[in-house]
Amino acid sequence: MNIDWDNLGFDYMNLPYRFLAHWQDGQWDAGALTSNNMLTINESSPILHYGQGAFEGMKAYRTKSGQIQLFRPDRNAKRMQDSADKLLMPQVPTEMFLDAVKQVVAANHDYVPPYGTGATLYIRPILIGVGENIGVAPAKEYLFTVFAMPVGPYFKGGMVPTKFIVADAFDRAAHYGTGQAKVGGNYAASLQAGKYAHEHGYGDAIYLDPLEHKYIEEVGSANFFAITKDHKQLQTPKSPSILPSITKFSILDLARDRFGLEPVQTPIAISDLDQFSEAGACGTAAVITPIQSITYGDTVHTFGDGSTGEYTAKLYNELTGIQFGDVEAPAGWIVPVEV
């Protein structure tokens with residue numbers, strides 16, 4: 001497979017190996033690596049009819065010395081367990097989850113992009129309800145699979161200020177629904193707004209709260225954060241329908257421990273953007289993407305002069321430095337993969 005490491009997009013690629021395990025009769029089997037990238041499931045599987053499935057997104061990074069490492073994979077395991085609980089699926093034990101991810105990365109180690117390209121190996125664990133089950137009820141069988149592919153930046157251009165538009169006519173998820181779980185239905189609900197945003201020249205859509213449409217929730221496929229003009233606080237929205245981003249919680253810690261900012265989770269009104277000097281979108285795929293402006297109706301709010309903000313750049317450099325092994329990581333954040 002001939003790969004241009006410096007010009008990767010965010011696209012599927014069929015690598016040699018993936019992991020597959022089967023839950024039946026109340027327990028998981030041992031699972032194993034397979035070269036088959038096709039899943040065969042019953043036509044009545046609950047994932048097809050009722051959306052009983054969850055997934056994760058994570059990455060493997062190659063360091064300057066050639067070491068391959070994972071970034072806080074235990075948090076991905078915990079989030080998938082929380083998503084499983086929400087949809088009445090069996091949890092994938094943390095040890096099993098981590099072992100499966102390590103097996104897939106090690107088996108496909110030739111496809112972990114070289115250090116210095118900015119590219120990474122994106123890893124997609126999936127948990128789905130399968131088997132014969134036509135009624136609205138939890139499945140009797142489940143599949144857990146992990147596959148991977150090398151990717152470049154999710155937003156074209158990488159660390160480049162991006163314009164976003166408020167999706168006032170669309171909701172991503174309901175309060176107390178599945179917004180905090182990483183389930184497919186939340187993303188299906190985002191397709192219309194995302195299509196509209198892209199067709200009108202924006203990086204993605206920003207969602208407001210589903211109750212009053214006053215408060216910022218998520219930035220399409222990422223979480224939102226902003227730096228106050230006095231450079232004292234890093235704020236992120238607080239809501240029961242926001243996916244708990246591992247990247248977001250990481251930059252909350254880094255903002256406090258390494259840059260002296262107070263991390264604050266609080267409702268952020270779309271009408272209060274004037275209090276911030278810079279803002280960004282953050283997530284596993286997006287990493288940290290500076291927000292140049294937010295369009296809301298006839299109003300266009302530009303942060304600062306529209307360039308990447310000071311603290312957004314600092315957080316990006318610190319976070320990616322940790323992920324690629326150039327900056328010392330907080331205890332427990334980095335897990336090496338033996339090849």
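Sequence order as written defines residue numbering, which begins from 1 separately in each chain. Predicted model: local features are reported for residues with pLDDT of at least 70 only, side-chain atom pairs are reported and counted for 80 or more only, and whole-chain, interface and lining totals are derived from all residues. Excluded from the side-chain calculations are hydrogens and water; all other atoms, namely the structure's heavy atoms, are used.

> Mind laying out the domain arrangement of the chain, listing which residues take part and the relevant values?
Domain start and stop points were drawn from an automatic or database domain assignment. Examined at the domain level, the chain breaks down into domain 1 (18-151) and domain 2 (162-324). The C-alpha centroid of domain 2 is placed 26 Å from the C-alpha centroid of domain 1. Contacts are residue-level and defined by heavy atoms, with any inter-residue pair within 4.5 Å sufficient. The interface is formed by 25 residues belonging to domain 1 together with 22 residues belonging to domain 2. Put simply, buried area is how much 1.4 Å-probe accessible surface two parts lose in total, over both of them, once they are put together. Summed over both sides, the interface of domain 1 with domain 2 buries roughly 1900 Å², with 62% coming from carbon and sulfur. Ranking the residues of domain 1 by area buried against domain 2 places Phe55, Phe71 and Arg79 at the top, with a combined share of 34%. Salt bridges are defined as contacts in which a side-chain nitrogen from Lys or Arg sits within 4 Å of a carboxyl oxygen from Asp or Glu. At the surface where domain 1 touches domain 2, the tally comes to 0 salt bridges. Polar contacts, as counted here, are pairs of nitrogen or oxygen atoms within 3.5 Å of one another; within protein the pair requires one atom able to donate a hydrogen and one able to accept it, and residues that are adjacent in sequence qualify only if both atoms are side-chain atoms. Taken together, the connections running from domain 1 to domain 2 amount to 10 residue pairs in polar contact (both at pLDDT 80 or more).

> Outline the nonpolar core, supporting the account with residue identities and numerical values.
For soluble globular proteins, nonpolar side chains are generally found buried alongside one another. To define a nonpolar core, start from buried Ala, Val, Leu, Ile, Met, Phe, Trp, Tyr and Cys residues and group those joined through side-chain atoms within 4.5 Å. Each residue is placed in one exposure class: buried if its accessible area under a 1.4 Å probe, protein chains only, is under 20% of its type's maximum, exposed if it is over 50%, and partly exposed if it falls in between. Within the largest apolar cluster, 43 residues are counted, with the highest numbers of intra-cluster contacts made by Trp28, Val105, Ile123, Leu127 and Phe144. The element contributing the most residues to this core is strand 8 (residues 141-151), with 7 residues. If sequence neighbours within four positions are ignored, Trp28 has contacts with Ala21, His22, Trp23, Pro90, Gln91, Val92, Pro93, Met96, Leu127, Tyr142, Leu143 and Phe144. Under the DSSP-based scheme used, a helix requires at least four consecutive residues in state H or I and a strand at least two consecutive residues in state E, with every element numbered from the N terminus.

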